[in-house]
Amino acid sequence: MKSKYFIRYKLIIEKLQRSGSVNYDDIEDYLYDKFDIMGDEFSYSIRTFQRDKNDIYDLFGIRILNDRSDNTYYIDEEEITEPAKKLLDAFTVSN
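Below is a summary of the structure that appears in this document.

Rules used in this analysis
Residues numbered from 1 in each chain as written. Predicted model: local features only at pLDDT ≥ 70, side-chain atom pairs only at ≥ 80, totals over all residues. Heavy atoms only, no water. Salt bridge = Lys/Arg side-chain N within 4 Å of Asp/Glu carboxyl O. Helix = DSSP H or I, 4+ residues; strand = E, 2+ residues; numbered from the N terminus. Buried < 20%, exposed > 50% of the residue type's maximum accessible area, 1.4 Å probe, protein only. Patch = residues over 30% accessible without salt bridge, like charges linked within 9 Å, V, L, I, M, F, W, Y side chains within 5 Å. Areas by Shrake-Rupley, 256 points an atom, 1.4 Å probe, with all protein chains shown as cover. Lys, Arg positive; Asp, Glu negative; His and termini not counted. Charge placed at Lys NZ, Arg CZ, Asp CG, Glu CD. Phe/Tyr/Trp six-rings, centres within 6.5 Å; stacked < 30°, edge-to-face > 60°.

Opposite charge on two side chains permits them to pair, given that their charged atoms come into close proximity. In this structure the tally under the stated criterion is 2 salt bridges. One salt bridge in this structure joins Glu14 and Arg18, with 3.8 Å as the shortest N-O distance. Highlighted residues: Glu14 and Arg18, both in helix α1 (residues 3–19), separated by 4 residues, approximately one helical turn. Exposure remark for Glu14: the relative accessible area of 16% places this residue in the buried category.

Next up on the list: a negative patch on the surface. The grouping of Asp25, Asp26, Asp29, Asp33 and Asp36 at the surface amounts to a negative patch. As for its position among the elements, Asp33 is in helix α2 (residues 24–38).

Here we take up the packing of aromatic side chains. Within this structure, the stated rule accounts for 7 aromatic pairs. Seen from their ring centres, Tyr24 and Tyr44 are 6.2 Å apart, and the 10° between their planes marks the pair as stacked. One end of the pair, Tyr24, is in helix α2; the other, Tyr44, is in the loop between α2 and α3 (46–60), and 20 residues separate them in sequence. By relative accessible area, Tyr44 is classed as buried at 8%. Ring centres of Tyr32 and Phe42 lie 4.9 Å apart, and the angle between their planes is 80°; on these two criteria the pair is classed as edge-to-face. Here the residue Tyr32 occupies a position in helix α2, and Phe42 occupies one in the loop between α2 and α3, the gap between them amounting to 10 residues. With a relative accessible area of 17%, Phe42 lands in the buried category.

So, in structure tokens, the structure goes:
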């Protein structure tokens with residue numbers, strides 16, 4: 001798996017942890033801004049976000065939930081395990 005995917009996963013988790021509940025457009029804007037700063041070409045879609053949500057759960061055990069009443073996304077911080085935190089920290093340090 002390419003490191004660009006992992007960077008994207010980390011940024012999505014970071015955005016949700018910092019901002020709490022946000023809509024897709026906020027996540028997309030955040031990713032575009034970050035990849036622009038890194039000088040990387042970037043494209044994103046809601047379908048890619050749906051795949052990313054599944055990959056984040058599969059890799060880190062972090063479930064991104066959707067509040068359908070206002071169509072926002074969030075992470076239940078209590079569900080983030082210590083091994084997931086350590087894996088995210090290790091990835092951050094290696095990048």
